[in-house]
Structure formats: structure tokens, C-alpha cells
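Working through the structure, step by step
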Amino acid sequence: MITFGLERGFTPVKNEPLNSFDWMVVKPSLEEELTLERSVRSIEDCDNVDVLSQLCVAMARQQWHQGKLLKQAIGQISLLEAVLSGGEQKP
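Residues numbered from 1 in each chain as written. Predicted model: local features only at pLDDT ≥ 70, side-chain atom pairs only at ≥ 80, totals over all residues. Heavy atoms only, no water.

For helix H2 (residues 49-84), with 36 residues, the first-to-last C-alpha span of 51 Å sits near the 52 Å given by 1.5 Å per residue. Its side-chain oxygen placed 2.9 Å from the backbone nitrogen of Asp 50, Asn 48 serves as the N-cap of H2. With its phi angle positive at about 85°, Gly 86 sits one or two positions after the end of H2. (Helix = DSSP H or I, 4+ residues; strand = E, 2+ residues; numbered from the N terminus. Expected span 1.5 Å × (residues − 1). Polar contact = N/O pair within 3.5 Å; in protein donor to acceptor, adjacent residues only side chain to side chain.)

Shown next as C-alpha cells:
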């Protein structure tokens, strides 16, 4: 089974100052890097064209959905940061 090991989210380090873009830096753990590498190797070793085709279709759909979700989330974060900093709200 091909998995991507992206179950964990961003956890800021306590007492570490954050600038406005630190949350966008991806710092995978060693376990996450190894899980990703195992998934990549599983895909590279797959000789079944039908399985690869289904995987590509699923990944294209997932990428579209995640891109849309990320765009909405960043818009919401920007709005909340503007409200917290006393800036103007833009619809």
C-alpha cells in the first residue's frame, strides 16, 4: 500500500519567536522523511501500468483539492492576522 506519511501537522517550538512566515517552512522529522522515501521507492518499483495510472489520477485530484484548500486557508489566515494587527479587512 502506498502512503505518504503526512498525518502530523506543524508544531511550533515553545519560547521560540516566530516571524510571519515560519509556519510555512516544512521541517519533516526523520521518520517522516523515511516514510516518504519508502513511498517514493514503492512507486518507482511498480511495473503495473494500471496501478500507476490510478495513482496519478488520485494524486491529481488530491493535489487540486489540497491546492484549493490551501488557498482558502491562507486567505483566512491573512484575514485573521489583519484583524489581530488592527489592519483593514478586505473581503
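What follows picks up the thread again.
A word on the side chain of Thr 35. On the secondary structure map, Thr 35 appears in helix H1 (residues 30-45). Overall, Thr 35 belongs to the buried group, its relative accessible area being 14%. There is a polar contact of 2.9 Å between the side chain of Thr 35 and the backbone oxygen of Glu 31. (Buried < 20%, exposed > 50% of the residue type's maximum accessible area, 1.4 Å probe, protein only.)

This brings us to the state of the cysteines. In the structure shown here, the tally under the stated rule is zero disulfides. Cysteine Cys 46 is unpaired, with the sulfur of Cys 56 as its nearest cysteine sulfur at 10.0 Å. Given a relative accessible area of 52%, Cys 56 falls into the exposed group. (Disulfide = S-S within 2.5 Å.)

The next thing to look at is H1. Taking 1.5 Å as the rise per residue, H1 with 16 residues should run 22 Å; its terminal C-alpha atoms sit 22 Å apart, in good agreement. For H1, every residue scored as buried is listed here: Glu 32, Thr 35 and Ser 39. Here the buried residues of H1 occupy an arc of 65° about the axis, which is enough to place them on one side. What points out from H1, more than 90 degrees from its buried face, is the exposed set Leu 30, Leu 34, Arg 38, Arg 41, Glu 44 and Asp 45. (Arc of directions from axis to C-beta.)

This part is about a nonpolar patch on the surface. Together, Phe 21, Trp 23, Met 24, Leu 70, Ile 74 and Ile 77 line one region of the surface with nonpolar side chains, adding up to about 550 Å² of accessible area. On the secondary structure map, Ile 77 appears in helix H2. (Patch = residues over 30% accessible without salt bridge, like charges linked within 9 Å, V, L, I, M, F, W, Y side chains within 5 Å. Areas by Shrake-Rupley, 256 points an atom, 1.4 Å probe, with all protein chains shown as cover. Salt bridge = Lys/Arg side-chain N within 4 Å of Asp/Glu carboxyl O.)

With that settled, consider the side chain of Glu 32. By the element assignment, Glu 32 lies in helix H1. Under the relative-accessibility criterion, Glu 32 is labelled buried at 19%. There is a polar contact of 2.7 Å between the side chain of Glu 32 and the backbone nitrogen of Ser 29.

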